[in-house]
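Close look at the chain arrangement
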Amino acid sequence: DLVIKKMVYLYVVNYASTNPELSILAINTFQKDCRDEDPMVRGLALRSFCSLRLNNIIEYLQKPIEDGLADPSAYVRKTATLACVKLHNLAPTLVADAGLVSKLRTALYDRDTSVIANAVCALEEIEGRRSKVEKQLVHHLLNRMREFNEWAQVVVLGLVARYAPAEPDETFAIMNLLEERLKHSNAAVVLATTKVFLNLTQDFPRVHQQVYARLRTPLVTLVHGGTVEQGYATLKHIALLAQRAPAVFAEEHKHFFCRFNEPTYVKLVKLDILTAVATPRNVSEIVEEVAEYVTDVDMAVSRRAVDVIGSIGARVTSAAKVVSDQLVAFLSIGLPHVSSEAVVAMRSLLRRHPELLQPAPGGGASSLAHSVGTFVRYTDEPEARVALLWIVGEFGEHIPEAPYILEPLIDEFGEEPASAVRLELLTAAVKLFVKRPPEMQAMLGSLLDAATTDARFTEVHDRAIFYYRLLEHDVQAAKVMFGDRPPVPKTFVEDMASEWQDRLFEEFNTLTVIYGLPSERFIKPGLSANAAARKELAQEAADEVARANASASAQAAREAHAINDEGSSNEEESSDDEDDSEE
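Described below are features of the structure shown in this document. Keep in mind that this is a model prediction, so the values were computed, not measured.

1. Quick word on the packing of aromatic side chains
By the definition in use, this model includes 10 aromatic pairs. Arranged with centres 5.0 Å apart and planes meeting at 85 degrees, the rings of Tyr232 and Tyr265 form a pair that is edge-to-face. Of this pair, Tyr232 sits in helix H15 (residues 228-244) while Tyr265 sits in helix H17 (residues 264-277); the two residues are 33 residues apart in sequence, bridging distant segments of the chain. Residue Tyr265 is classed as partly exposed on the basis of its relative accessible area of 36%. A ring pair is formed by Tyr467 and Phe482, whose centres lie 5.6 Å apart and whose planes are at 80 degrees; its orientation type is edge-to-face. Of the two residues, Tyr467 sits in helix H27 (residues 458-473) while Phe482 sits in helix H28 (residues 475-482), which places them 15 residues apart along the sequence. Overall, Tyr467 belongs to the buried group, its relative accessible area being 6%. Overall, Phe482 belongs to the buried group, its relative accessible area being 11%. Connected via pairs of aromatic rings, a cluster forms that spans Tyr9, Phe30 and Phe49. Directly above the aromatic system of Phe505 lies the positively charged group of Arg244, at a separation of 3.8 Å from the ring centroid. A cation over a ring is seen here: Arg422 above Phe413, with NZ or CZ 4.6 Å from the ring centre.

2. Overview of unusual backbone geometry
At Arg53, a position not held by glycine, the phi torsion is positive, near 55 degrees. Position of Arg53 relative to the elements: it lies in the loop between helix H4 (39-50) and helix H5 (58-69). One non-glycine residue with positive phi stands out, namely Asn509, at about 65 degrees. Here Asn509 shows up in the loop between helix H29 (501-506) and helix H30 (511-515). Since its relative accessible area comes to 22%, Asn509 is described here as partly exposed.

The rules behind these values
- Residues numbered from 1 in each chain as written.
- Predicted model: local features only at pLDDT ≥ 70, side-chain atom pairs only at ≥ 80, totals over all residues.
- Heavy atoms only, no water.
- Phe/Tyr/Trp six-rings, centres within 6.5 Å; stacked < 30°, edge-to-face > 60°.
- Helix = DSSP H or I, 4+ residues; strand = E, 2+ residues; numbered from the N terminus.
- Buried < 20%, exposed > 50% of the residue type's maximum accessible area, 1.4 Å probe, protein only.
- Lys NZ or Arg CZ within 6 Å of the ring centre and 35° of its normal.

The following block contains the structure:
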(Lines give C-alpha, C1' and ligand atoms only; values in the text may rest on other atoms or scores of the structure.)
Protein backbone atom coordinates (compact mmCIF):
# COMPACT_ATOMS: atom_id res chain seq x y z
CA ASP A 1 0.00 0.00 0.00
CA LEU A 2 1.61 3.28 -1.13
CA VAL A 3 -0.07 5.34 1.59
CA ILE A 4 1.15 3.07 4.38
CA LYS A 5 4.62 2.93 2.84
CA LYS A 6 4.70 6.73 2.75
CA MET A 7 3.70 6.95 6.43
CA VAL A 8 6.33 4.40 7.44
CA TYR A 9 9.02 6.26 5.47
CA LEU A 10 8.01 9.50 7.13
CA TYR A 11 8.24 7.87 10.54
CA VAL A 12 11.71 6.48 9.80
CA VAL A 13 12.98 9.83 8.50
CA ASN A 14 11.70 11.74 11.53
CA TYR A 15 13.26 9.40 14.08
CA ALA A 16 16.46 8.52 12.21
CA SER A 17 18.53 11.13 14.03
CA THR A 18 17.54 9.80 17.46
CA ASN A 19 17.91 6.13 16.49
CA PRO A 20 20.73 6.01 13.92
CA GLU A 21 21.60 2.36 14.53
CA LEU A 22 18.05 1.16 13.97
CA SER A 23 17.72 3.37 10.89
CA ILE A 24 20.57 1.50 9.20
CA LEU A 25 18.35 -1.58 9.12
CA ALA A 26 16.06 0.20 6.64
CA ILE A 27 18.82 0.70 4.05
CA ASN A 28 18.11 -2.56 2.23
CA THR A 29 14.42 -1.71 1.98
CA PHE A 30 15.20 1.74 0.58
CA GLN A 31 17.62 0.32 -1.97
CA LYS A 32 15.07 -2.30 -3.04
CA ASP A 33 12.29 0.28 -3.42
CA CYS A 34 14.59 2.53 -5.46
CA ARG A 35 14.48 -0.27 -8.09
CA ASP A 36 10.72 -0.80 -7.88
CA GLU A 37 8.59 -0.92 -11.03
CA ASP A 38 6.32 1.89 -9.84
CA PRO A 39 7.95 5.34 -10.39
CA MET A 40 6.04 6.77 -7.43
CA VAL A 41 7.65 4.19 -5.15
CA ARG A 42 11.08 4.81 -6.66
CA GLY A 43 10.79 8.57 -6.15
CA LEU A 44 9.40 8.21 -2.63
CA ALA A 45 12.13 5.78 -1.62
CA LEU A 46 14.89 7.97 -3.05
CA ARG A 47 13.56 11.10 -1.36
CA SER A 48 13.20 9.36 2.01
CA PHE A 49 16.55 7.61 1.71
CA CYS A 50 18.39 10.90 1.18
CA SER A 51 16.45 12.59 3.98
CA LEU A 52 17.87 10.36 6.71
CA ARG A 53 20.89 12.71 7.04
CA LEU A 54 23.14 10.09 8.61
CA ASN A 55 26.85 10.10 7.92
CA ASN A 56 27.08 6.32 7.90
CA ILE A 57 24.73 5.97 4.90
CA ILE A 58 26.65 8.28 2.55
CA GLU A 59 28.34 5.41 0.75
CA TYR A 60 24.94 3.90 -0.09
CA LEU A 61 23.43 7.08 -1.61
CA GLN A 62 25.57 7.62 -4.69
CA LYS A 63 24.28 4.68 -6.76
CA PRO A 64 20.52 5.35 -6.21
CA ILE A 65 21.00 9.02 -7.07
CA GLU A 66 22.89 8.23 -10.26
CA ASP A 67 20.20 5.77 -11.28
CA GLY A 68 17.54 8.32 -10.43
CA LEU A 69 19.09 10.98 -12.66
CA ALA A 70 18.87 8.54 -15.59
CA ASP A 71 15.40 7.22 -14.71
CA PRO A 72 12.76 7.25 -17.49
CA SER A 73 10.23 8.87 -15.12
CA ALA A 74 10.36 12.67 -14.80
CA TYR A 75 9.15 12.44 -11.19
CA VAL A 76 12.12 10.28 -10.21
CA ARG A 77 14.57 12.49 -12.13
CA LYS A 78 13.42 15.70 -10.46
CA THR A 79 13.58 13.95 -7.08
CA ALA A 80 17.12 12.82 -7.84
CA THR A 81 18.23 16.39 -8.68
CA LEU A 82 17.22 17.59 -5.22
CA ALA A 83 18.77 14.47 -3.70
CA CYS A 84 22.11 15.75 -5.00
CA VAL A 85 21.69 18.79 -2.75
CA LYS A 86 21.00 16.59 0.28
CA LEU A 87 24.08 14.51 -0.49
CA HIS A 88 26.11 17.69 -0.93
CA ASN A 89 25.09 18.82 2.56
CA LEU A 90 26.40 15.55 3.97
CA ALA A 91 29.52 15.14 1.80
CA PRO A 92 30.39 18.16 -0.38
CA THR A 93 33.44 16.61 -1.99
CA LEU A 94 31.63 13.40 -2.94
CA VAL A 95 29.18 15.24 -5.22
CA ALA A 96 32.01 16.76 -7.25
CA ASP A 97 34.18 13.64 -7.26
CA ALA A 98 31.32 11.40 -8.35
CA GLY A 99 30.52 13.61 -11.32
CA LEU A 100 27.02 14.47 -10.09
CA VAL A 101 27.51 18.17 -10.87
CA SER A 102 28.13 17.42 -14.54
CA LYS A 103 25.05 15.20 -14.59
CA LEU A 104 23.03 18.06 -13.10
CA ARG A 105 24.26 20.29 -15.92
CA THR A 106 23.04 17.68 -18.37
CA ALA A 107 19.67 17.74 -16.61
CA LEU A 108 19.35 21.42 -17.53
CA TYR A 109 18.53 20.22 -21.06
CA ASP A 110 16.01 17.62 -19.89
CA ARG A 111 12.79 17.21 -21.83
CA ASP A 112 10.71 17.82 -18.68
CA THR A 113 10.55 21.38 -17.39
CA SER A 114 10.14 20.38 -13.72
CA VAL A 115 13.45 18.51 -13.90
CA ILE A 116 15.12 21.58 -15.42
CA ALA A 117 13.80 23.85 -12.67
CA ASN A 118 14.99 21.49 -9.94
CA ALA A 119 18.38 21.18 -11.63
CA VAL A 120 18.75 24.97 -11.66
CA CYS A 121 17.90 25.12 -7.96
CA ALA A 122 20.30 22.28 -7.16
CA LEU A 123 23.22 23.93 -8.98
CA GLU A 124 22.46 27.23 -7.24
CA GLU A 125 22.62 25.50 -3.86
CA ILE A 126 25.77 23.52 -4.64
CA GLU A 127 27.84 26.06 -6.58
CA GLY A 128 26.19 29.35 -5.59
CA ARG A 129 27.38 32.36 -7.56
CA ARG A 130 30.21 30.29 -9.02
CA SER A 131 27.73 28.47 -11.23
CA LYS A 132 28.45 29.40 -14.86
CA VAL A 133 25.64 30.83 -16.97
CA GLU A 134 26.31 30.09 -20.63
CA LYS A 135 24.72 31.67 -23.66
CA GLN A 136 23.49 28.37 -25.06
CA LEU A 137 21.77 27.48 -21.79
CA VAL A 138 20.10 30.88 -21.44
CA HIS A 139 18.65 30.82 -24.94
CA HIS A 140 17.53 27.22 -24.46
CA LEU A 141 15.64 28.15 -21.30
CA LEU A 142 14.14 31.32 -22.77
CA ASN A 143 12.84 29.45 -25.80
CA ARG A 144 11.03 27.02 -23.50
CA MET A 145 9.81 29.67 -21.07
CA ARG A 146 6.14 29.12 -21.85
CA GLU A 147 6.41 25.43 -20.93
CA PHE A 148 7.46 26.18 -17.33
CA ASN A 149 4.92 26.69 -14.59
CA GLU A 150 4.96 30.08 -12.88
CA TRP A 151 7.27 29.10 -10.01
CA ALA A 152 9.68 27.38 -12.36
CA GLN A 153 9.69 30.57 -14.43
CA VAL A 154 10.85 32.48 -11.34
CA VAL A 155 13.73 30.04 -10.89
CA VAL A 156 14.77 30.30 -14.54
CA LEU A 157 14.50 34.09 -14.55
CA GLY A 158 16.74 34.20 -11.48
CA LEU A 159 19.37 32.32 -13.50
CA VAL A 160 18.92 34.60 -16.53
CA ALA A 161 19.37 37.67 -14.31
CA ARG A 162 22.99 36.60 -13.70
CA TYR A 163 23.76 36.34 -17.40
CA ALA A 164 25.81 39.11 -19.02
CA PRO A 165 25.20 39.32 -22.81
CA ALA A 166 28.24 39.98 -24.96
CA GLU A 167 26.47 42.36 -27.36
CA PRO A 168 23.69 44.97 -27.03
CA ASP A 169 21.63 43.21 -29.71
CA GLU A 170 21.51 40.09 -27.56
CA THR A 171 20.37 42.19 -24.59
CA PHE A 172 17.45 43.64 -26.53
CA ALA A 173 16.58 40.21 -27.95
CA ILE A 174 16.31 38.76 -24.44
CA MET A 175 14.17 41.68 -23.30
CA ASN A 176 11.85 41.22 -26.27
CA LEU A 177 11.43 37.54 -25.40
CA LEU A 178 10.55 38.40 -21.81
CA GLU A 179 8.27 41.34 -22.59
CA GLU A 180 5.13 39.25 -22.21
CA ARG A 181 6.26 38.04 -18.76
CA LEU A 182 5.53 41.55 -17.46
CA LYS A 183 1.84 40.92 -18.10
CA HIS A 184 1.80 37.75 -16.00
CA SER A 185 -0.74 37.51 -13.18
CA ASN A 186 1.83 36.14 -10.73
CA ALA A 187 3.69 38.89 -8.87
CA ALA A 188 6.81 36.75 -8.45
CA VAL A 189 7.14 36.31 -12.22
CA VAL A 190 6.74 40.04 -12.85
CA LEU A 191 9.30 40.94 -10.18
CA ALA A 192 11.74 38.31 -11.46
CA THR A 193 11.40 39.76 -14.96
CA THR A 194 11.92 43.22 -13.51
CA LYS A 195 15.20 42.07 -12.00
CA VAL A 196 16.33 40.68 -15.37
CA PHE A 197 15.52 43.95 -17.15
CA LEU A 198 17.34 46.06 -14.55
CA ASN A 199 20.43 43.85 -14.60
CA LEU A 200 20.64 43.70 -18.39
CA THR A 201 20.47 47.49 -18.82
CA GLN A 202 22.92 48.55 -16.13
CA ASP A 203 25.46 49.59 -18.75
CA PHE A 204 22.88 51.57 -20.76
CA PRO A 205 21.77 54.52 -18.56
CA ARG A 206 19.25 55.87 -21.04
CA VAL A 207 17.65 52.48 -21.63
CA HIS A 208 17.76 51.83 -17.89
CA GLN A 209 15.51 54.84 -17.24
CA GLN A 210 13.17 53.70 -20.00
CA VAL A 211 12.94 50.32 -18.29
CA TYR A 212 11.75 52.00 -15.09
CA ALA A 213 8.99 53.69 -17.07
CA ARG A 214 8.06 50.39 -18.71
CA LEU A 215 7.85 48.62 -15.35
CA ARG A 216 5.63 51.25 -13.77
CA THR A 217 2.27 50.04 -15.09
CA PRO A 218 2.72 46.29 -14.36
CA LEU A 219 3.91 46.96 -10.82
CA VAL A 220 1.12 49.41 -10.01
CA THR A 221 -1.39 46.91 -11.39
CA LEU A 222 -0.06 44.20 -9.08
CA VAL A 223 -0.50 46.44 -6.04
CA HIS A 224 -4.28 46.50 -6.44
CA GLY A 225 -4.82 43.28 -8.35
CA GLY A 226 -4.17 40.57 -5.76
CA THR A 227 -4.13 39.83 -2.08
CA VAL A 228 -2.95 42.28 0.57
CA GLU A 229 0.23 40.29 1.09
CA GLN A 230 1.03 40.36 -2.62
CA GLY A 231 0.38 44.08 -2.71
CA TYR A 232 2.69 44.63 0.27
CA ALA A 233 5.56 42.69 -1.35
CA THR A 234 5.10 44.66 -4.57
CA LEU A 235 4.98 47.96 -2.68
CA LYS A 236 8.28 47.17 -0.96
CA HIS A 237 9.89 46.66 -4.36
CA ILE A 238 8.32 49.86 -5.69
CA ALA A 239 9.68 51.74 -2.67
CA LEU A 240 13.16 50.47 -3.53
CA LEU A 241 12.79 51.44 -7.19
CA ALA A 242 11.41 54.87 -6.24
CA GLN A 243 14.64 55.65 -4.41
CA ARG A 244 16.55 55.43 -7.70
CA ALA A 245 13.92 56.79 -10.08
CA PRO A 246 11.38 58.85 -8.10
CA ALA A 247 10.23 60.82 -11.14
CA VAL A 248 8.98 57.62 -12.81
CA PHE A 249 6.35 57.01 -10.15
CA ALA A 250 5.58 60.68 -9.48
CA GLU A 251 2.69 60.69 -11.93
CA GLU A 252 1.18 57.63 -10.24
CA HIS A 253 1.21 59.14 -6.74
CA LYS A 254 -2.56 58.75 -6.32
CA HIS A 255 -2.18 54.97 -6.48
CA PHE A 256 -0.20 55.16 -3.24
CA PHE A 257 -2.84 57.02 -1.23
CA CYS A 258 -3.93 54.94 1.75
CA ARG A 259 -7.33 53.30 2.03
CA PHE A 260 -9.17 53.19 5.33
CA ASN A 261 -9.37 49.37 5.41
CA GLU A 262 -5.72 48.66 4.63
CA PRO A 263 -3.49 47.14 7.33
CA THR A 264 -0.92 49.28 9.06
CA TYR A 265 2.12 47.76 7.37
CA VAL A 266 0.71 48.60 3.92
CA LYS A 267 -0.04 52.18 4.92
CA LEU A 268 3.48 52.69 6.24
CA VAL A 269 5.06 51.48 2.99
CA LYS A 270 2.78 53.74 0.95
CA LEU A 271 3.81 56.71 3.08
CA ASP A 272 7.46 55.90 2.38
CA ILE A 273 6.73 55.86 -1.35
CA LEU A 274 4.85 59.17 -1.18
CA THR A 275 7.89 60.72 0.49
CA ALA A 276 10.14 59.56 -2.35
CA VAL A 277 7.86 60.55 -5.26
CA ALA A 278 6.94 64.05 -4.04
CA THR A 279 7.80 66.77 -6.57
CA PRO A 280 6.93 70.49 -6.87
CA ARG A 281 4.06 69.51 -9.18
CA ASN A 282 2.31 67.05 -6.87
CA VAL A 283 3.55 68.13 -3.42
CA SER A 284 0.47 70.17 -2.48
CA GLU A 285 -1.84 67.27 -3.29
CA ILE A 286 0.31 64.77 -1.38
CA VAL A 287 0.60 67.00 1.70
CA GLU A 288 -3.14 67.59 1.73
CA GLU A 289 -3.84 63.87 1.52
CA VAL A 290 -1.25 62.82 4.11
CA ALA A 291 -2.53 65.47 6.53
CA GLU A 292 -5.76 63.46 6.69
CA TYR A 293 -3.86 60.47 8.07
CA VAL A 294 -2.59 62.43 11.07
CA THR A 295 -5.78 61.71 12.99
CA ASP A 296 -5.69 57.98 12.16
CA VAL A 297 -6.67 55.71 15.03
CA ASP A 298 -3.43 53.80 14.56
CA MET A 299 -0.73 55.75 16.37
CA ALA A 300 2.05 54.36 14.15
CA VAL A 301 0.32 55.66 11.00
CA SER A 302 -0.44 58.98 12.69
CA ARG A 303 3.17 59.53 13.72
CA ARG A 304 4.50 58.44 10.37
CA ALA A 305 2.16 60.83 8.55
CA VAL A 306 3.53 63.80 10.49
CA ASP A 307 7.09 62.66 9.82
CA VAL A 308 6.35 62.24 6.09
CA ILE A 309 5.00 65.78 5.82
CA GLY A 310 8.14 67.13 7.48
CA SER A 311 10.36 65.03 5.20
CA ILE A 312 8.52 66.26 2.10
CA GLY A 313 8.97 69.86 3.19
CA ALA A 314 12.69 69.22 3.72
CA ARG A 315 13.13 67.65 0.27
CA VAL A 316 10.91 69.95 -1.80
CA THR A 317 12.11 73.52 -1.20
CA SER A 318 9.04 75.16 -2.68
CA ALA A 319 6.81 73.44 -0.09
CA ALA A 320 8.87 74.35 2.99
CA LYS A 321 6.68 77.31 4.04
CA VAL A 322 3.43 75.41 3.52
CA VAL A 323 4.74 72.43 5.47
CA SER A 324 5.91 74.60 8.38
CA ASP A 325 2.45 76.16 8.66
CA GLN A 326 0.91 72.68 8.53
CA LEU A 327 3.16 71.41 11.32
CA VAL A 328 2.26 74.38 13.51
CA ALA A 329 -1.42 73.63 12.88
CA PHE A 330 -0.91 70.05 14.07
CA LEU A 331 0.00 71.34 17.53
CA SER A 332 -3.58 72.41 18.17
CA ILE A 333 -5.14 69.06 17.23
CA GLY A 334 -5.11 67.93 20.84
CA LEU A 335 -3.28 64.59 20.34
CA PRO A 336 -0.06 64.47 22.43
CA HIS A 337 1.76 62.07 20.11
CA VAL A 338 0.91 64.21 17.07
CA SER A 339 2.10 67.41 18.77
CA SER A 340 5.36 65.81 19.86
CA GLU A 341 5.98 64.36 16.42
CA ALA A 342 5.25 67.77 14.84
CA VAL A 343 7.97 69.39 16.95
CA VAL A 344 10.44 66.68 15.91
CA ALA A 345 9.48 67.14 12.25
CA MET A 346 9.93 70.91 12.61
CA ARG A 347 13.52 70.35 13.72
CA SER A 348 14.23 68.31 10.58
CA LEU A 349 12.61 71.00 8.44
CA LEU A 350 14.58 73.89 10.00
CA ARG A 351 17.78 71.92 9.72
CA ARG A 352 17.47 72.14 5.94
CA HIS A 353 15.58 75.44 5.65
CA PRO A 354 16.84 77.80 8.36
CA GLU A 355 15.51 80.74 6.32
CA LEU A 356 12.05 80.00 7.73
CA LEU A 357 13.16 81.61 11.00
CA GLN A 358 14.94 84.55 9.41
CA PRO A 359 13.57 88.01 10.37
CA ALA A 360 10.72 89.38 8.29
CA PRO A 361 11.50 92.08 5.66
CA GLY A 362 10.29 94.76 8.09
CA GLY A 363 12.90 93.74 10.65
CA GLY A 364 10.66 91.89 13.10
CA ALA A 365 10.68 88.21 13.92
CA SER A 366 8.96 85.80 11.54
CA SER A 367 5.59 84.27 12.36
CA LEU A 368 7.24 80.89 12.90
CA ALA A 369 9.72 82.41 15.37
CA HIS A 370 6.82 83.76 17.43
CA SER A 371 5.15 80.33 17.33
CA VAL A 372 8.20 78.51 18.72
CA GLY A 373 7.44 79.95 22.14
CA THR A 374 4.23 77.87 22.27
CA PHE A 375 6.00 74.60 21.40
CA VAL A 376 7.02 73.98 25.00
CA ARG A 377 3.40 73.14 25.88
CA TYR A 378 3.43 70.24 23.42
CA THR A 379 6.65 68.48 24.38
CA ASP A 380 5.41 65.66 26.56
CA GLU A 381 7.88 63.19 25.05
CA PRO A 382 11.67 63.40 25.59
CA GLU A 383 12.43 63.39 21.86
CA ALA A 384 10.16 66.39 21.37
CA ARG A 385 11.90 68.29 24.17
CA VAL A 386 15.27 67.50 22.60
CA ALA A 387 14.02 68.82 19.25
CA LEU A 388 12.70 72.04 20.80
CA LEU A 389 15.95 72.61 22.68
CA TRP A 390 17.93 72.17 19.47
CA ILE A 391 15.77 74.76 17.71
CA VAL A 392 16.16 77.24 20.57
CA GLY A 393 19.91 76.76 20.78
CA GLU A 394 20.46 76.89 17.03
CA PHE A 395 18.18 79.85 16.23
CA GLY A 396 17.89 81.58 19.59
CA GLU A 397 18.90 84.97 18.17
CA HIS A 398 15.74 84.95 15.99
CA ILE A 399 13.31 83.69 18.66
CA PRO A 400 12.18 86.50 21.00
CA GLU A 401 11.11 84.18 23.83
CA ALA A 402 14.13 81.85 23.65
CA PRO A 403 15.50 82.47 27.19
CA TYR A 404 12.04 82.14 28.70
CA ILE A 405 11.57 78.79 26.97
CA LEU A 406 14.67 77.44 28.70
CA GLU A 407 13.95 78.97 32.13
CA PRO A 408 11.31 76.44 33.33
CA LEU A 409 13.35 73.54 31.97
CA ILE A 410 16.42 74.76 33.86
CA ASP A 411 14.40 75.14 37.07
CA GLU A 412 13.20 71.54 36.73
CA PHE A 413 16.58 70.19 35.63
CA GLY A 414 16.95 67.95 38.69
CA GLU A 415 13.62 66.25 37.96
CA GLU A 416 14.33 65.56 34.26
CA PRO A 417 14.61 61.75 33.81
CA ALA A 418 15.96 61.69 30.23
CA SER A 419 19.71 61.97 29.78
CA ALA A 420 19.32 63.15 26.16
CA VAL A 421 17.18 66.10 27.28
CA ARG A 422 19.75 67.10 29.91
CA LEU A 423 22.59 67.01 27.39
CA GLU A 424 20.66 69.05 24.83
CA LEU A 425 19.61 71.57 27.48
CA LEU A 426 23.25 72.15 28.42
CA THR A 427 24.25 72.69 24.79
CA ALA A 428 21.27 74.94 24.05
CA ALA A 429 21.96 77.08 27.12
CA VAL A 430 25.62 77.59 26.17
CA LYS A 431 24.71 78.44 22.56
CA LEU A 432 22.10 80.94 23.70
CA PHE A 433 24.50 82.45 26.26
CA VAL A 434 27.01 83.14 23.48
CA LYS A 435 24.30 84.89 21.45
CA ARG A 436 22.39 86.65 24.29
CA PRO A 437 24.72 86.89 27.32
CA PRO A 438 22.78 89.31 29.58
CA GLU A 439 19.62 87.22 29.57
CA MET A 440 21.35 83.86 29.96
CA GLN A 441 24.23 84.47 32.38
CA ALA A 442 22.34 83.76 35.59
CA MET A 443 20.39 80.85 34.15
CA LEU A 444 23.53 79.25 32.69
CA GLY A 445 25.36 79.54 36.01
CA SER A 446 22.47 77.88 37.81
CA LEU A 447 22.32 75.09 35.19
CA LEU A 448 26.06 74.36 35.30
CA ASP A 449 25.98 74.25 39.08
CA ALA A 450 23.09 71.78 39.09
CA ALA A 451 24.67 69.59 36.39
CA THR A 452 28.12 69.39 37.99
CA THR A 453 26.77 68.53 41.44
CA ASP A 454 24.44 65.81 40.17
CA ALA A 455 26.45 62.61 39.62
CA ARG A 456 23.54 60.39 38.55
CA PHE A 457 24.25 61.02 34.84
CA THR A 458 27.97 60.72 34.19
CA GLU A 459 27.87 62.02 30.62
CA VAL A 460 25.86 65.09 31.67
CA HIS A 461 28.24 65.76 34.55
CA ASP A 462 31.29 65.51 32.25
CA ARG A 463 29.82 67.77 29.59
CA ALA A 464 28.86 70.40 32.18
CA ILE A 465 32.43 70.44 33.51
CA PHE A 466 33.74 70.77 29.94
CA TYR A 467 31.49 73.76 29.21
CA TYR A 468 32.35 75.38 32.54
CA ARG A 469 36.10 75.11 31.97
CA LEU A 470 35.75 76.30 28.37
CA LEU A 471 33.90 79.45 29.43
CA GLU A 472 36.27 80.00 32.34
CA HIS A 473 39.32 79.68 30.11
CA ASP A 474 38.30 81.65 27.01
CA VAL A 475 34.83 83.04 26.27
CA GLN A 476 35.93 84.10 22.78
CA ALA A 477 36.80 80.48 21.95
CA ALA A 478 33.31 79.51 23.07
CA LYS A 479 31.85 82.14 20.74
CA VAL A 480 33.84 80.73 17.85
CA MET A 481 32.65 77.23 18.68
CA PHE A 482 28.96 77.98 19.29
CA GLY A 483 28.31 81.40 17.84
CA ASP A 484 28.46 81.03 14.07
CA ARG A 485 26.15 78.55 12.43
CA PRO A 486 27.77 76.60 9.54
CA PRO A 487 26.22 76.96 6.07
CA VAL A 488 23.57 74.50 5.02
CA PRO A 489 25.29 71.64 3.14
CA LYS A 490 24.16 70.78 -0.35
CA THR A 491 23.90 67.08 0.44
CA PHE A 492 22.71 65.50 3.66
CA VAL A 493 23.66 62.06 4.90
CA GLU A 494 20.10 60.75 4.70
CA ASP A 495 19.94 61.71 1.01
CA MET A 496 23.08 59.80 0.11
CA ALA A 497 22.72 56.29 -1.25
CA SER A 498 23.06 53.70 1.47
CA GLU A 499 25.86 51.16 1.18
CA TRP A 500 23.17 48.52 1.43
CA GLN A 501 21.09 49.89 -1.43
CA ASP A 502 23.20 48.27 -4.12
CA ARG A 503 23.10 45.02 -2.19
CA LEU A 504 19.31 45.21 -2.07
CA PHE A 505 19.19 45.56 -5.85
CA GLU A 506 21.51 42.58 -6.24
CA GLU A 507 19.06 40.49 -4.20
CA PHE A 508 15.95 41.92 -5.85
CA ASN A 509 12.81 39.73 -5.63
CA THR A 510 13.93 38.13 -2.35
CA LEU A 511 13.24 38.63 1.34
CA THR A 512 16.13 41.07 1.36
CA VAL A 513 13.84 43.74 -0.09
CA ILE A 514 11.09 42.98 2.43
CA TYR A 515 13.45 43.22 5.41
CA GLY A 516 15.52 46.05 3.94
CA LEU A 517 18.72 44.24 4.93
CA PRO A 518 21.32 42.14 3.08
CA SER A 519 20.72 38.42 3.40
CA GLU A 520 23.71 37.82 5.67
CA ARG A 521 22.09 40.07 8.28
CA PHE A 522 19.13 37.75 8.81
CA ILE A 523 20.38 34.34 7.54
CA LYS A 524 23.01 32.63 9.64
CA PRO A 525 25.74 30.89 7.64
CA GLY A 526 25.18 27.75 9.67
CA LEU A 527 21.55 27.57 8.52
CA SER A 528 22.10 28.35 4.85
CA ALA A 529 22.16 25.73 2.13
CA ASN A 530 25.84 26.35 1.45
CA ALA A 531 27.61 23.37 2.92
CA ALA A 532 31.02 25.01 2.70
CA ALA A 533 29.86 27.88 4.87
CA ARG A 534 28.30 25.43 7.32
CA LYS A 535 31.47 23.39 7.47
CA GLU A 536 33.61 26.47 8.02
CA LEU A 537 31.28 27.66 10.78
CA ALA A 538 31.35 24.26 12.44
CA GLN A 539 35.15 24.20 12.26
CA GLU A 540 35.34 27.65 13.82
CA ALA A 541 33.00 26.55 16.60
CA ALA A 542 35.08 23.42 17.21
CA ASP A 543 38.28 25.49 17.32
CA GLU A 544 36.65 27.90 19.74
CA VAL A 545 35.57 25.04 22.01
CA ALA A 546 39.08 23.57 21.85
CA ARG A 547 40.63 26.92 22.77
CA ALA A 548 38.14 27.34 25.61
CA ASN A 549 38.90 23.85 26.94
CA ALA A 550 42.64 24.47 26.70
CA SER A 551 42.26 27.79 28.48
CA ALA A 552 40.13 26.21 31.20
CA SER A 553 42.65 23.39 31.65
CA ALA A 554 45.52 25.87 31.89
CA GLN A 555 43.59 27.96 34.40
CA ALA A 556 42.78 24.89 36.48
CA ALA A 557 46.42 23.85 36.43
CA ARG A 558 47.53 27.31 37.55
CA GLU A 559 44.97 27.32 40.36
CA ALA A 560 46.04 23.84 41.47
CA HIS A 561 49.66 24.93 41.40
CA ALA A 562 48.81 28.04 43.42
CA ILE A 563 46.93 25.93 45.97
CA ASN A 564 49.88 23.55 46.27
CA ASP A 565 52.27 26.48 46.73
CA GLU A 566 49.96 27.98 49.34
CA GLY A 567 49.72 24.63 51.14
CA SER A 568 53.51 24.27 51.13
CA SER A 569 53.99 27.77 52.49
CA ASN A 570 51.41 27.09 55.23
CA GLU A 571 53.22 23.89 56.18
CA GLU A 572 56.52 25.76 56.37
CA GLU A 573 54.95 28.48 58.54
CA SER A 574 53.42 25.88 60.85
CA SER A 575 56.75 24.05 61.18
CA ASP A 576 58.47 27.35 61.97
CA ASP A 577 55.85 28.07 64.63
CA GLU A 578 56.42 24.63 66.15
CA ASP A 579 60.17 25.22 66.27
CA ASP A 580 59.64 28.57 67.94
CA SER A 581 57.34 27.02 70.53
CA GLU A 582 59.89 24.28 71.27
CA GLU A 583 62.57 26.87 71.75
